Amino acid sequence: MKAISYQGVNDVRTIETDEPACRPGHAKIRVRAAGICGTDMAIAAGKHPRARAPLIMGHEFSGEIVQIVPEPGKAPELSVGDRVTAYPLLTCGHCFACTNGAAHVCRTLKLIGIDCDGAFAEYACVPLDLLVKVPGHVDYAAGALIEPLAVGIHAVEMAKDAPMDNAVVLGAGPIGLLTAFALSLKNVRDIIVADINPSRLARAGQMGFRTVNSAEQDLNAVVAENTNGEGAALLFECAGAESAAAQMCGLARSRGTIVMAGVHKDPHAVDLRTLNFREITLVGSRVYTRSDYKAAVGAAAQLPADIIISHSLGIEDAVQGFEFMKHPDGVCKVVFSM
Ligand SMILES: [Zn+2]
Ligand SMILES: [Zn+2]
């Protein structure tokens with residue numbers, strides 16, 4: 001079969017390899033669509049702390065079951081032909097997080113497509129208990145967006161009971177757009193999406209969000225004007241950029257909540273004095289729980305996949321796909337269709 005493999009630093013290519021053998025407790029999936037994530041870019045650049053070459057990447061995907069090998073004595077709940085995606089988290093089951101209802105932040109969390117072979121391939125074998133059925137009216141491309149949508153849904157869940165009368169989302173990449181979409185599912189109407197990239201902002205605008213180009217407009221002033229000078233009730237940091245970290249506390253109102261959905265790969269300066277003075281709640285957010293995933297599957301049919309997916313490529317276009325992802329202009333989510 002064909003697969004897209006991380007062969008070494010800055011060496012991602014389409015290779016010919018054996019189809020994976022389906023072990024007991026696993027299903028073999030004919031992968032139909034798989035998206036490139038920022039994490040895959042970090043792997044390709046040799047900057048991921050855990051990924052080791054050679055590796056078939058890909059943790060955002062959808063496909064259909066072509067074979068099931070059940071665990072002896074255990075009847076599978078899924079059938080051949082089912083349309084599925086995977087909850088790609090591999091957890092230890094015995095650390096503090098795993099035994100306290102938060103397995104998604106397992107002390108040794110691993111992911112399909114990062115710590116073991118994933119779905120940038122014609123076939124993938126996935127543990128049966130990680131497969132999630134996708135309704136037939138959700139097409140495969142939207143199915144590949146369920147994973148990043150779950151990231152957005154989880155970020156909104158992490159705001160817990162914070163008032164949601166208005167929200168600012170920093171960053172209009174896939175996670176920013178999907179977080180804003182997750183907010184709209186919660187009936188938050190007053191949402192501002194900020195970025196410096198016009199093509200990404202155009203996508204946010206197409207999705208119905210108010211946009212601010214913070215390279216051209218003073219975001220602080222726009223948010224102040226929109227909130228009677230108070231600042232944002234809720235702020236989602238989805239940019240992962242140093243400038244966003246520096247700016248975010250100043251955008252939040254007193255007793256406001258900031259949720260970190262973007263991953264900052266370096267320690268960035270944060271205005272902690274403003275955090276004190278306004279008693280801002282700063283919340284970390286990582287991946288998603290099973291219930292967030294279920295919610296993402298339920299909302300997938302409403303996703304504007306055609307806006308979020310900027311490029312749909314074939315499995316032989318690995319080099320091109322990863323090249324596209326390096327240039328945010330005109331690029332949002334790149335999906336391989338098999
Ligand atoms: Zn991802
Ligand atoms: Zn654990």
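Once a new chain begins, its residue numbering starts again from 1 and follows that chain's sequence as written. By the order in which they are written, chains take letters starting at A while ligands take numbers starting at 1. Where totals are concerned, whole chains, interfaces and linings use all residues; where local detail is concerned, this predicted model gives features only for residues with pLDDT of at least 70, and gives and counts side-chain atom pairs only at 80 or more. Side-chain metrics in this entry use all non-hydrogen atoms of the structure; hydrogen atoms and water are not considered.

> How should the side chain of arginine 30 be read in this particular structure?
Helix and strand assignments follow DSSP, with helices taken as H or I runs no shorter than four residues and strands as E runs no shorter than two, numbered in order from the N terminus. On the secondary structure map, arginine 30 appears in strand S3 (residues 26-35). Buried, partly exposed and exposed residues are distinguished by accessible area as a fraction of the type maximum, computed with a 1.4 Å probe on protein chains only: under 20%, between the cut-offs, and over 50%, respectively. The convention is simple: Lys and Arg are positive, Asp and Glu are negative, and His and the chain ends are not counted. By salt bridge we mean one thing: a side-chain nitrogen of Lys or Arg within 4 Å of a carboxyl oxygen of Asp or Glu. For arginine 30, which is buried and forms no salt bridge, the nearest opposite charge comes from glutamate 122, at a distance of 4.3 Å. Residues in contact with arginine 30, not counting those within four places in the same chain, are Gly63, Glu64, Val66, Glu122, Tyr123 and Met338. We call two residues in contact whenever any of their non-hydrogen atoms come within 4.5 Å of each other.

> Looking at this model, I keep getting lost on the sheet that holds strand S4 (residues 55-56). Mind explaining?
Working definition: the strands of a sheet are paired by backbone hydrogen bonds and lie parallel or antiparallel to each other. Only when DSSP finds a minimum of two bridges between them are two strands counted as paired. Read from one edge to the other, the open sheet built from three strands follows the order S2-S1-S4, with strand pairing classed as antiparallel. Strand pairing shows two members of the sheet lacking a second neighbour, strand S2 (11-16) and S4, which therefore form its edges.

> Could you clarify how one ought to interpret the pairing of strand S14 (residues 232-237) in this entry?
Regular strands have side chains that alternate between both faces of the sheet. Along S14, six of the six residues are buried, which leaves the element largely enclosed by surrounding structure. Bridge analysis of strand S11 (residues 167-170) against S14 gives four bridges, and the strand direction is parallel. Paired with leucine 170 across the bridge in S14 is glutamate 237. Bridge analysis of S14 against strand S15 (residues 252-260) gives five bridges, and the strand direction is parallel. Each bridged residue has a counterpart across the sheet, and for leucine 234 the counterpart in S15 is threonine 257. Note that the unit made of S14, helix H7 (residues 242-251) and S15 has a crossover that is right-handed. Orient the strands so they point away from the viewer; a crossover is then right-handed if the path from the first strand over the helix to the second runs clockwise.

> What's the story with the coordination of the zinc ion (ligand 2) in this structure? I'm lost.
Looking at the zinc ion (ligand 2), the protein donor atoms are Cys92 (SG), Cys95 (SG), Cys98 (SG) and Cys106 (SG), and they sit 2.3 to 2.4 Å from it. The donor definition counts N, O and S atoms within 2.8 Å of each metal and applies 3.2 Å to Na, K and Ca; water is not among these atoms, so some sites may look incomplete. Metal sites are grouped by the angles between bound donors: all angles between 85 and 135 degrees with four donors is tetrahedral, opposite donors over 155 degrees apart with the others between 65 and 115 is square planar for four donors and octahedral for six, and any other pattern is irregular. Taken together, the four donor atoms coordinating the zinc ion (ligand 2) and their angles of 104 to 118° define a geometry best described as tetrahedral. On the basis of relative accessible area, cysteine 106 is assigned to the buried category, the value being 2%.

> Teacher, can you tell me more about the nonpolar core here?
Soluble globular proteins: nonpolar side chains tend toward being buried together. Membership of the largest hydrophobic core comes to 103 residues, with the highest contact counts inside it found for Phe120, Val126, Leu131, Leu183, Phe236, Tyr288 and Phe322. With eight residues, helix H3 (residues 146-158) is the largest single contributor of residues to this core. Each residue touching phenylalanine 322, except ones within four places of it in the same chain, is listed here: Ile4, Val12, Ile36, Asp40, Met41, Ala44, Met57, Phe120 and Phe336. Each nonpolar core is a collection of buried residues, namely Ala, Val, Leu, Ile, Met, Phe, Trp, Tyr and Cys, held together in the definition by side-chain atoms within 4.5 Å. Of all hydrophobic cores here, the second largest spans 19 residues; its members include Leu170, Val212, Ile258 and Met260.

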